[in-house]
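Single-letter residue listing:
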Amino acid sequence: MTADLGVLFFNELLKLRRSLATLMLLLAPLSVVLLVVLLHLSNPGGPTEDRWLRLAQTAVAVWAYLVFPLLVALQAAVINGLEHRVDGWKRMFALPIHPGRFFLAKLMALMVMMAFASFLLAVSFYAVTAAAHVGLASWPAIPDGGFTFLVRSMLACVAGGLFVMVIHHTLSWTLPSFVFPLGIGIVAVMAVFMVGSSKYWVFLPWCWSLLATAGSDPAIGDAAMMLGATLALIAAPMAARGARRLRRLGQ
Amino acid sequence: MTAVDVRGLRKSFHGREVLRGFDLNITVGTVFALLGRNGAGKSTTLRLLLGLLTADGGEIRLSGQQMPRDRHSILANVGSMIESPSLYENLTARENLAIDARVRGLEARAVSEALEIVELADDTQPVREFSLGMKQRLSLALAVVGRPSILILDEPTNGLDPMGIADMRRLLRDLPARLNTTVLLSTHILAEAAQVATDLAILEAGELCYSGSLEALRRRQRRRLRLVSSDAAKLESQLLAWNLEVRNFCVPVDDETSAAHLIRRLVEHGVPLHHAALEEPSLEEIYFEMIGIAA
């Protein structure tokens, strides 16, 4: 009797019902949209289509540089914190499933949640700016391909951030404390500020989600996406195989 | 038929030997209590049976299958409750049960049945609003969901109030008949073992002092003859002169005949006896004597 990964994945989503993770998933993208709206209101700059694109790029940059990596760290800590808080590990590991499958199910939940939050940012930004343009003459019109730009940027951000998700999930799976994984996330975001524009970006995975969305150099964007996705595909099964050992390490 | 068969089980933590190689045999359909003080190795034993820890030596078989080699097929038929309840407090009782039921490939009916067995209401209240007694019941429901053939319960009445303890013991007693299951529970409370279990093992410092039925344990201990005399000094010196084991003017005897024989001899030797009574040792006394022997 082996439950498939889909069952375990939906179980992980069920565990998050009425939890902080669900609230953060909605608040994080909406706060970025609110920030950009406030930015425009404080400095309108004219209702041109070019202006909309610059606002959209700002929203994508704030998301990919700051909010996305911090949200990854937070969500990974919450998803695994559910088990740490009540020692749910002993309950999980006494079920007829390999611990590695639980590891993968939690990782899948994290990935889907981050993709959902990113997509919510694209949809909510598009909807808010479209509504504002209809209601207020000072708001820029949405150019052709505006929504596609948002969705493509978010897909690139998620793909570039996949390896960081594996890292944070592994840290939070192993360590019972919220502090260390979140601390790593904050320090890494600060490091992106210094390393992101240098040639050493390739060595800091937290840069990849930001650079994957950067339209200025498509080659770097593609490389960042490929790195994030490929390393996640390699690292996730490896970490899953050692899931039980990782838990013992953290005890 | 054997539900649990353990041979030469050994486990050390950081060089300290917690289990020193013991054998344990549990018959199908019994309520078996693993009795011992805190730190005796009870929880370690149960965790080893569930594959949550790896043994340093020995062999574990549950329903004929070997742990950890057949871990998945064993755990498919084993329900467990290890120490404090591991419940997702943001979820309801049904949602908590649904998580385990889905993993075990069970239908929603199994969840309703588990709630019914532990007499827990199926409502929308999240677990964070539950009392400790309700949480413990829900933990038991998690263990029984899907009617496993073996139930492993670590200190199931831990932290409960007297009413909760009585309720839990009643539930535990009824489980083998209701679910056709074997129950292995650990406890440090002797009265619990006596009230709930049909068989028990006494674990002390990682070694097994006794394993068998409660009745056999009671029979194993000799009864004692309590003697009261107006001349206590004479009584004691006479008993010691016959090399009898005396404690608080009690002498171990095999049966009524040997008791009567001893009384007659004392009277013949001029010991004034006021009172003589044959006493059964309490389970508590047996337990402490067992531990004393092992120590």
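See the structure shown above.
Residues numbered from 1 in each chain as written. Chains lettered and ligands numbered in written order. Predicted model: local features only at pLDDT ≥ 70, side-chain atom pairs only at ≥ 80, totals over all residues. Heavy atoms only, no water.

J.: What am I meant to see in the interface of chain B and chain A here?
T.: When the parts of a complex come together, some accessible area is lost, and that lost area is often taken as the interface size. Contact residues are listed per partner, giving 30 residues for chain B and 29 residues for chain A. The junction of chain B with chain A conceals about 2700 Å² of combined surface from both sides, 53% of it contributed by carbon and sulfur atoms. If you look at where chain B meets chain A, you find three salt bridges. The residue Arg91(A) makes a salt bridge to Asp100(B) at a minimum N-O spacing of 3.0 Å. Where chain B packs against chain A, one counts 20 residue pairs in polar contact (both at pLDDT 80 or more). Elements supplying a minimum of two residues to the side of chain B that touches chain A: α2 (71-75) and α3 (93-103) of chain B. When residues in the side of chain B that touches chain A are grouped by element, the largest group, seven residues, is from α3(B). (Contact = heavy atoms within 4.5 Å. Buried area = accessible area lost by both parts, 1.4 Å probe. Salt bridge = Lys/Arg side-chain N within 4 Å of Asp/Glu carboxyl O. Polar contact = N/O pair within 3.5 Å; in protein donor to acceptor, adjacent residues only side chain to side chain. Helix = DSSP H or I, 4+ residues; strand = E, 2+ residues; numbered from the N terminus.)

J.: For this particular structure, what's the right way to read the sheet that holds strand β9 (residues 199-204) of chain B?
T.: Think of a sheet as strands paired side by side through backbone hydrogen bonds, with each pair either parallel or antiparallel. Residues and elements named next belong to chain B. One open sheet accounts for six strands, arranged β6-β7-β8-β3-β9-β10; its pairing is mixed. Either end of the sheet is taken by a strand with one partner, and the two such strands are β6 (78-81) and β10 (207-213). The mean inter-strand angle of the sheet, taken between neighbouring strand axes irrespective of direction, is 15 degrees. Sheet topology places strand β3 (residues 31-36) next to strand β8 (residues 182-187); five bridges connect them, and they run parallel. Bridging across to β8, Ala 33 finds its partner in Leu 185. (Pairing = 2+ DSSP bridges. Axes fitted to C-alpha atoms, helices over the stretch in contact; angles between N-to-C directions.)

J.: Can you help me understand the pairing of strand β4 (residues 57-62) of chain B in this one?
T.: All names here are of chain B. Where strand β1 (residues 2-13) meets β4, five bridges bridge the pair, whose relative direction is antiparallel. Pairing of Asp 5 across the sheet is with Arg 61, part of β4. By the bridge criterion, three bridges tie β4 to strand β5 (residues 65-67) in an arrangement that is antiparallel. Residue Leu 62 lies in a different strand from β5, and its bridge partner there is Gln 65. From the end of β4 to the start of β5, which pair antiparallel, there are two residues, and Ser 63 there has a positive phi angle of about 50 degrees.

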